[in-house]
Amino acid sequence: MSDVSEIPVSFNKTLLDKALLRYTNDPSLQLIDYNIQDNSADISDHFSSIMFKVNLHYKRDSASNDDNVHEINAIVKTLPDVPDQSHNTHLQYVTETAQFDTELKVYEKILPKIDSMLYGMGLNSVAPRQIYQTNHNAPIPILIMEDMVSLGYTTIKDRRQISFDAAKMLIGKLAQLHATSFVLDKQMNETVGQLDSIYFDFHQDISYCEDMDKCIAMMKQFDGFENIVEKLEGKTEELFETVRNLYYSPNDAACKVLCHGDMKFQNTLLKTNGGEVANGIFVDFAYANFHSPAIDLFEFLYKVPALDVIIHRKHRDELINHYMNMFGTVLTGAAFERVDETIENVKNEMDRCDELQLWFLMFLVVYYMDTFDEDSEEDTEILDYEKTWLKTVLGELLKC
């Protein structure tokens, strides 16, 4: 949980009275009290804002026969209210960057319209519902959202929780996010392309090339990786330039959508019913941008499902096919006329951005190796499996 000293003084009962009215549209409700909870273990990873949980307790006014006290559980995101932030690099980062502003724009201008379209098709939301958001002229912005854990969703702490069925559910939700934003921009004159956040800071050229070289150096130690290393060695700068150009040229995309921008398993939540995956949502839109759907799609494939799901080419193909089918279903449900042409453009984007697969995969290797504990028997067993997985997938991508 965030230090209470960081929470803005404007986060108070007056603000929460407004939030309750906006959320319920019922003026007969009265806020009794609220309490901030330290449940940070139930909150997904976040970096571009401070975040905490709050419980609102309310009841109806005296004219009502209902004397019961009701509760709303919420997640609050805001910026720190700290006069001197020079001692804390994290606070400096969240204050000086525009990523929280991006998330505010997404929740205010785009997600409500996406939800409206999806509800009209009998589909569920792709993100937590906004409860309240302060005006743009507020000294410190505050965003209040539904706490999805209290509504039966589970945060994902280990990608091994993302089975094939869970991955299929989530990639279908990704298609819904992409397709509805595409329609909003093309058909309804609701431009969503005003988001300029780019997830990677490509000014850190040397750092990224060093990470890729580190990945290659690791693979040199693995038996059977000789052909893979030979194809990769000396090509890190070329790959870096290719990927940077893809990210910085959104207008080159034949099809542009609202990309989540940080599509990893930590930013997903799942809901089950009787042991079956019932729904999924995405959180943390701080890196959202209007770009090629291939960026989210390839990042999803290599950062969301369990490794034993994506080691199988058949599973990857099934996930992509499900994404395409759901994308088309949403376009049809929105009465968009050029469905086949648009799906073909999405496929062309995957071909154009194909080297992103190698990019995401290499950084995944660095992540796993950095967290590897050579004294752990479990980590050693996992590493052996990861080598098999890596050799299979890299071999396919590099055709060796």
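Just so it is clear, the structure is predicted and the values come from calculations on it, not from any experiment. Residue numbers run consecutively from 1 along every chain, following the written order of its sequence. Restriction of local features to residues with pLDDT of at least 70 applies here, the model being predicted, together with a cutoff of 80 or more for giving and counting side-chain atom pairs; totals for whole chains, interfaces and linings are based on all residues. Side-chain calculation: all heavy atoms of the structure are included, whereas hydrogens and water are not.

### Description of the packing of helix α4 (residues 164-186) against helix α8 (residues 293-303)
Step number 1: Running from N to C, α4 and α8 cross one another at 170 degrees; their axes reach a closest spacing of 11 Å. In terms of axis orientation, α4 runs roughly antiparallel to α8. Residues A167, L170, I171, L174 and H178 of α4 lie in contact with α8, whose contacting residues are P293, D296, L297, F300 and L301.
Step number 2: Gly falls in the polar group here, along with every residue not listed as nonpolar (Ala, Val, Leu, Ile, Met, Phe, Trp, Tyr, Cys, Pro) or charged (Asp, Glu, Lys, Arg). Partitioned by chemical class, the residues of the contact of α4 with α8 number 8 nonpolar, 1 polar and 1 charged. Lines are fitted to the C-alpha atoms to define the axes, a helix being fitted only along its stretch in contact, and any angle between axes, read from their N-to-C directions, falls within 0 to 180 degrees. Runs of E in the DSSP output that reach at least two residues are strands. Runs of H or I that reach at least four are helices, and both are numbered from the N terminus. Working definition: roughly parallel below 35 degrees, roughly antiparallel above 145 degrees, roughly perpendicular at 65 to 115 degrees, and oblique for all remaining angles. Throughout, a contact is declared for two residues whenever any of their heavy atoms are within 4.5 Å.

### Looking at the confidence of the model for the protein
Caution applies to low-pLDDT parts of the model: their predicted coordinates are not meant to be read in detail.
Step number 1: Taken as a whole, the protein shows an average pLDDT of 85; of its residues, 81% reach a score of 70 or greater.
Step number 2: At the low end of the mean pLDDT range in the protein sits helix α2 (residues 89-96), at 62; at the high end sits helix α11 (residues 339-352), at 97. Confidence scores here are pLDDT values: one per residue, from the predictor, ranging 0 to 100.

### Quick word on the sheet that holds strand β5 (residues 142-146)
Step number 1: Any two strands with at least two DSSP bridges between them are considered paired. The strand order β1-β2-β3-β5-β4 describes an open sheet built from 5 strands, whose pairing is antiparallel. Edge positions in the open sheet fall to β1 (29-37) and β4 (130-133), since each of these has one partner strand only. Each neighbouring strand pair of the sheet contributes to a mean axis angle of 30 degrees, computed without reference to strand direction.
Step number 2: Sheet topology places strand β3 (residues 70-78) next to β5; 5 bridges connect them, and they run antiparallel. When the bridges of β5 are listed, V76 appears paired with I144.
Step number 3: Against the sheet, helix α1 (residues 13-24) engages β1, β2 (50-60), β3, β4 and β5, with an angle of about 115 degrees to β1.

### What about the sheet that holds strand β6 (residues 153-155)?
Step number 1: One open sheet holds the 3 strands; their spatial order is β6-β8-β9, and the pairing between them is antiparallel. Among the strands making up the open sheet, the edge pair consists of β6 and β9 (276-282). Adjacent strand axes in the sheet meet at a mean angle of 35 degrees, parallel and antiparallel pairs treated alike.
Step number 2: Strands β8 (268-273) and β9 of the sheet are contacted by α4, whose axis makes an angle of about 40 degrees with β9.

### So, the pattern of salt bridges
Step number 1: The rule for a salt bridge is simple: a side-chain nitrogen of Lys or Arg has to be within 4 Å of a carboxyl oxygen of Asp or Glu. Within this structure, the stated rule accounts for 16 salt bridges.
Step number 2: Among the salt bridges present, the one from D158 reaches R160, with a minimum N-O distance of 2.8 Å.
Step number 3: For R160, a relative accessible area of 53% corresponds to the exposed category.
Step number 4: The salt bridge partner of E341 is R338, with a shortest N-O separation of 3.7 Å.
Step number 5: Each residue's exposure class comes from its accessible area (1.4 Å probe, protein chains only) as a fraction of the maximum for that residue type: buried when under 20%, exposed when over 50%, partly exposed otherwise. Taking relative accessible area as the criterion, E341 reaches 43% and is therefore assigned partly exposed.
Step number 6: Residue R338 is classed as partly exposed on the basis of its relative accessible area of 42%.

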